[in-house]
Amino acid sequence: MSFLTLASLTKAYGSFVAVDGISLAIERGEFVSFLGPSGCGKTTTLQMIAGLTPPTAGTVVLGGRDITQDAPNKRGLGVVFQSYALFPHMTVAENVSFGLEMRKIARAERDRQVADTLSLVRLSEMADRYPRQLSGGQRQRVAVARALVIKPPVLLLDEPLSNLDAKLREEMQFELRRIQQSVGTTTIMVTHDQAEALSISDRVVVMEKGRITQVDAPYRLYEQPATPFISDFVGKMTRLHGIRRAGGVEVAGRLLPAGGDAGEGGAVDLLLRPEKIEFAAAGQGMVDGRVVSRFFFGSYWLFAIETAAGLATVSLPNQDEDVPREGENVALRWAPASARVVSPEGAEP
Ligand SMILES: Nc1ncnc2c1ncn2[C@@H]1O[C@H](COP(=O)(O)OP(=O)(O)OP(=O)(O)O)[C@@H](O)[C@H]1O
Ligand SMILES: [Mg+2]
């Protein structure tokens, strides 16, 4: 029996179905991310779990109990919203203490729990400040502390890091994961940032147009995306056009080994991740191309390579400065097993 179960959860606004019968089982202590483009129904789903939006159909079961009809405060879940509003006239400590006061926890115990939680989010020094005296990242951590202090069975986070710059965001991802690991709270985070979902979660739930299209561990999601949408949305993907032949796929006039041989003569695409393609010595590649552009990202280089079969994206770890330049002719190769053969529309042939 899972800890939190969503069964055929649905939300319709008139004839528009925002969330279309999603079912999902989440284990105690799991960190699950909902990933999907704007408008796919992530916030709506979270709000139905929190009890802030009544579902049109379906159920939410927590710890074996159907809570679908329970009021939000009866569910007692910790919630951090897309726009996390702190009480501006209360100090950091008072903001965090608020939920405990509502629960009529005695003063001394309250102070102890507030101190513990502030230390967890590394804000002990800031206890007496007001929200306006904090940076965006510190405010976001207060919001997390406020949700955590009540020791909720489930923590619901809606884009909790969306307002942070890239560096702070990365620090907070580590922080969130650390907190979640040390407290063991079952956590559901909504994000439209695929790197964030992959780095932080035990499992990622991909949503498209109100439906779940894949639920997998980050590594599997990246390596075995279930739909063409997912392969493009999660990470970068190169798509080379070819023709299915006996024993392989013909790409830019060359027969390359590739799995399966059904549908000989039909058009197919080879899907490749940037880090699975490497540069080869002239004449030893599988496809020839020319460097169109080159970007330096510090820890790696990223190249756009024009080939007769389409544009390839290649990444290379930063090991030295001697890498191909824009305009240079290059040869590309990869292990046949790292290329996925799909029909040009994207469905597996
Ligand atoms: N009260 C409402 N009435 C009508 N349509 C709504 C209402 N609330 C949300 N929607 C629609 O439901 C869909 C899902 O909205 P939701 O807020 O869940 O998206 P989201 O995945 O969280 O997107 P974002 O990443 O932009 O936050 C959207 O198309 C939205 O316009
Ligand atoms: Mg949203």
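Model, not experiment: these values are computed from the prediction.

1. Here's the deal with the environment of Gln133
Item 1. With respect to the helices and strands, Gln133 occurs in the loop between α4 (107-120) and α5 (136-148).
Item 2. Between the C-alpha atoms of Gln133 and Thr91, which are 42 residues apart in sequence, the distance is 9.7 Å.
Item 3. At 2.7 Å, the side chain of Gln133 forms a polar contact with the backbone nitrogen of Tyr130.

2. A few points about the packing of aromatic side chains
Working definition: an aromatic ring pair is given by the centre-to-centre distance plus the angle between the planes.
Item 1. Overall, the coordinates contain 5 aromatic pairs when judged by the stated rule.
Item 2. Centroid distance Phe296 to Trp301: 4.6 Å. Interplanar angle 45 degrees. Geometry classified as tilted.
Item 3. Look at Phe296 and you get partly exposed, because its relative accessible area is 49%.
Item 4. Sitting over the ring of Phe87, Arg146 keeps its end group 5.3 Å from the ring centre.
Item 5. In this structure, Arg273 is placed above the aromatic ring of Tyr222, and the distance from its NZ or CZ to the ring centre is 3.9 Å.

3. Overview of a negative patch on the surface
Item 1. Residues Asp320, Glu321, Asp322 and Glu328 make up a contiguous surface patch of negative charge.
Item 2. Assignment of secondary structure puts Asp320 in the loop between β18 (310-317) and β19 (329-333).

4. Concerning unusual backbone geometry
The bulk of non-glycine residues show a negative phi, and the bulk of peptide bonds are trans.
Item 1. Phi at Arg122 is positive, roughly 60 degrees, even though this residue is not glycine.
Item 2. Tracing the chain through its elements places Arg122 in the loop between α4 and α5.
Item 3. With phi around 45 degrees, Glu159 is a residue other than glycine that occupies positive phi space.
Item 4. With a relative accessible area of 4%, Glu159 lands in the buried category.

5. Comments concerning the sheet that holds strand β17 (residues 300-307)
Within a beta sheet, neighbouring strands are joined by backbone hydrogen bonds and run either parallel or antiparallel to one another.
Item 1. A sheet is described by the order of its strands in space; here 5 strands give the open sequence β15-β19-β16-β17-β18, paired in antiparallel fashion. In the strand order of this sheet, the two ends are held by β15 (278-280) and β18, each with one partner. Shown here is a sheet whose adjacent strand axes are inclined to one another by a mean of 50 degrees, direction ignored.
Item 2. Here 4 bridges tie strand β16 (residues 287-296) to β19, and the two strands are oriented antiparallel to one another. Residue pairing for β19: Arg290 is matched across the bridge by Asn329.

6. Remarks on the nonpolar core
Item 1. In this structure, Val96, Leu118, Val121, Val142 and Leu176 are the most contacted members of the largest nonpolar core, which totals 30 residues.
Item 2. Only α3 (92-102), α4, α5, β7 (154-158) and α6 (166-183) provide two or more residues apiece to this core.
Item 3. In contact with Val96, not counting residues within four places along its chain, are Val114, Leu118, Val142, Ala145, Arg146 and Val149.
Item 4. By size, the runner-up hydrophobic cluster in this structure holds 25 residues, among which are Leu9, Ile26, Val60 and Leu77.

7. Here's the deal with the pattern of salt bridges
Item 1. Using the criterion set out here, one finds 20 salt bridges in the structure.
Item 2. A salt bridge links Glu196 to Arg169, with the nearest nitrogen and oxygen atoms 2.9 Å apart. Taken together, the positions of Glu196 in helix α7 (residues 194-200) and Arg169 in helix α6 put the pair 27 residues apart, joining distant regions of the chain.
Item 3. Relative accessible area serves as the criterion here: at 15%, Arg169 is assigned to the buried category.
Item 4. Between Glu306 and Arg290 there is a salt bridge whose closest N-O contact spans 3.4 Å. Here Glu306 is found in strand β17, whereas its partner Arg290 is found in strand β16, with 16 residues between them in sequence.
Item 5. Residue classification places Glu306 among the partly exposed positions, given a relative accessible area of 41%.

Analysis parameters
Residues numbered from 1 in each chain as written. Chains lettered and ligands numbered in written order. Predicted model: local features only at pLDDT ≥ 70, side-chain atom pairs only at ≥ 80, totals over all residues. Heavy atoms only, no water. Helix = DSSP H or I, 4+ residues; strand = E, 2+ residues; numbered from the N terminus. Polar contact = N/O pair within 3.5 Å; in protein donor to acceptor, adjacent residues only side chain to side chain. Phe/Tyr/Trp six-rings, centres within 6.5 Å; stacked < 30°, edge-to-face > 60°. Buried < 20%, exposed > 50% of the residue type's maximum accessible area, 1.4 Å probe, protein only. Lys NZ or Arg CZ within 6 Å of the ring centre and 35° of its normal. Patch = residues over 30% accessible without salt bridge, like charges linked within 9 Å, V, L, I, M, F, W, Y side chains within 5 Å. Areas by Shrake-Rupley, 256 points an atom, 1.4 Å probe, with all protein chains shown as cover. Salt bridge = Lys/Arg side-chain N within 4 Å of Asp/Glu carboxyl O. Lys, Arg positive; Asp, Glu negative; His and termini not counted. Charge placed at Lys NZ, Arg CZ, Asp CG, Glu CD. Pairing = 2+ DSSP bridges. Axes fitted to C-alpha atoms, helices over the stretch in contact; angles between N-to-C directions. Core = buried A, V, L, I, M, F, W, Y, C linked by side-chain atoms within 4.5 Å. Contact = heavy atoms within 4.5 Å.

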